[in-house]
Amino acid sequence: MLELKGLSKSFGGVQAVRDVSMRLAAGQVHGLIGPNGAGKSTLVNLISGLLSHSAGTLTLDGRSLDGMSAARRAECGIARTFQNLRVFPALTVEQNIDVARYTAARAGRGADALVAEAMVQFDLDSRRNSRADALAYGQLRRLEIVRALALAPRVLMLDEPAAGMNEQETQALGRALNWVRGQTDCALLVIDHDLKFIMSLCERITVLNMGAVIAEGTPREVSENRQVIDAYLGEGNDHAA
Ligand SMILES: Nc1ncnc2c1ncn2[C@@H]1O[C@H](COP(=O)(O)OP(=O)(O)OP(=O)(O)O)[C@@H](O)[C@H]1O
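Residues numbered from 1 in each chain as written. Predicted model: local features only at pLDDT ≥ 70, side-chain atom pairs only at ≥ 80, totals over all residues.

With an unreviewed UniProt entry as reference, the chain is termed ABC transporter ATP-binding protein, source organism Ruegeria pomeroyi.

Turning our attention to the overall build of the chain. When its secondary structure is counted, the chain shows nine helices and ten strands. Taken over the C-alpha atoms alone, the chain extends approximately 50 × 40 × 30 Å along its principal axes. For the chain, the proportion of its 241 residues judged to be buried stands at 43%. Considering only intrachain contacts with a sequence separation of at least 6, the fraction spanning at least 24 residues in the chain is 68%. (Helix = DSSP H or I, 4+ residues; strand = E, 2+ residues; numbered from the N terminus. Buried ≥ 20, exposed ≤ 12 C-beta atoms within 10 Å, placed from the backbone. Contact = placed C-beta atoms within 7 Å.)

Next up on the list: the packing of helix α3 (residues 93-106) against helix α5 (residues 137-149). Packing of α3 against α5 leaves a shortest axis separation of 8 Å and a crossing angle of 35 degrees. By crossing handedness, the relation of α3 to α5 is classed as right-handed. Residues Val-93, Asn-96, Ile-97 and Ala-100 of α3 touch α5, and the partners they reach there are Leu-143, Val-146, Arg-147 and Ala-148. (Axes fitted to C-alpha atoms, helices over the stretch in contact; angles between N-to-C directions. Left-handed = near helix turned anticlockwise from the far one by under 90°.)

Take the site of the ligand next. Lining the immediate surroundings of the ligand are Phe-11, Val-14, Ala-16, Gly-34, Asn-36, Gly-37, Ala-38, Gly-39, Lys-40, Ser-41, Thr-42 and Gln-83. Contributions of two or more residues to the shell around the ligand are made by β2 (14-24) and α1 (40-48). Sort the elements by how many residues they give to the shell around the ligand and α1 lands first, with three residues. Tallied by class, residues from the shell around the ligand come to four nonpolar, seven polar and one charged. (Near = placed C-beta within 6 Å. Nonpolar A, V, L, I, M, F, W, Y, C, P; charged D, E, K, R; others polar.)

We now examine the sheet that holds β2. Strand order across the open sheet formed by four strands is β2-β1-β4-β5, with antiparallel pairing between neighbours. Bordering the open sheet on either side are β2 and β5 (63-64), each of which pairs with just one other strand. Taken together, the seven bridges between strand β1 (residues 2-11) and β2 define a ladder with antiparallel strand orientation. The partner of Leu-4 across the bridge, within β2, is Met-22. Of the strands in this sheet, β1, β2 and β4 (55-60) touch α1, which is tilted by about 65 degrees from β2. (Pairing = 2+ DSSP bridges.)

Moving on: the nonpolar core. Within soluble globular proteins, side chains that are nonpolar tend to cluster in buried spots. The biggest cluster of nonpolar side chains holds 71 residues, and the ones touching the most others in it are Val-146, Leu-149, Ala-150, Val-155, Val-190 and Val-207. Filtering out sequence-adjacent residues up to four positions away, Val-207 remains in contact with Ile-33, Gly-34, Val-213, Ile-214, Ala-215, Val-222, Val-228 and Tyr-232. (Core = buried A, V, L, I, M, F, W, Y, C linked by C-beta atoms within 7 Å.)

Let us look at the confidence of the model for the chain. Fine structural detail should not be taken from predicted coordinates in areas where pLDDT scores are low. On average, residues of the chain score 92 in pLDDT, and 97% of them are at 70 or above. Model confidence for the complex: the whole-complex pTM is 0.91, and ipTM, which rates the interface, is 0.96. (pLDDT = per-residue confidence, 0-100.)

Right, let's get into the pairing of β1. Following β1, the chain reverses through two residues before pairing antiparallel with β2; Gly-12 in that reversal takes a positive phi of roughly 55 degrees. Sheet topology places β1 next to β4; five bridges connect them, and they run antiparallel. Looking at the pairing, Leu-2 lines up with Leu-60 of β4.

Here we come to unusual backbone geometry. Only a minority of non-glycine residues have a phi that is not negative, and only a minority of peptide bonds are not trans. Positive phi, close to 50 degrees, is recorded for Asp-19, a residue that is not glycine. Along the chain, Asp-19 turns up in strand β2. Judged by C-beta crowding, with 14 C-beta atoms within 10 Å, Asp-19 ranks as partly exposed. In this structure, Glu-160 takes a positive phi of about 55 degrees despite not being glycine.

Shown next, in the form of structure tokens:
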């Protein structure tokens, strides 16, 4: 459904994304991993339209997204969360979610039933009237995900959703994301450095290094790939097997 062909992006002399081709399929959870500076967040910014690519093409269900603004892509159902949280601090949980509801409604879509249940699954139900700036860090991360779900997304990209979470919170997040997988047919793209989390959640994984794809496959295939071990996993990594 979402297809990237030969996508590239340079910042001055730094080629952050090089000739990346990949497909995100409906109903599939796809992991994106790689060392710091590999180009993961830049790729998400290119897909969501915060950055424009310097070469390549991007299509959603065969329709070109090239040159389309980030706002228009959101209306088309491309949703994302940010590595550095971007909620509206002075708005309540419910009001933050309403912002996305409004965008979805403008595009003739809605996800009210999904969001109502997501509030429970992501353990935010009791905080719906709290201002975002009163929430704990893990709750803010979960709010970003529920807000993205309110877009009724076709593609949902999560940039380091488990960052800063303890193991218990990470496990709860994994369960909630598995619930999302069962409820929607959106394509999920998940970036994270917690390999245990990624390997257990994702059906397919793409590995970036220095802006380029060095491997793509099942968690087992990528964890056994020599180039991936050399560039990222290292020998004796607990999550490699
Ligand atoms: N706005 C920008 N201007 C200049 N260089 C940038 C910009 N954004 C990213 N870069 C560079 O592009 C490269 C890829 O960065 P990016 O943030 O996409 O990597 P990443 O894989 O998400 O890293 P991390 O795991 O640390 O978040 C890096 O060399 C980074 O310094």
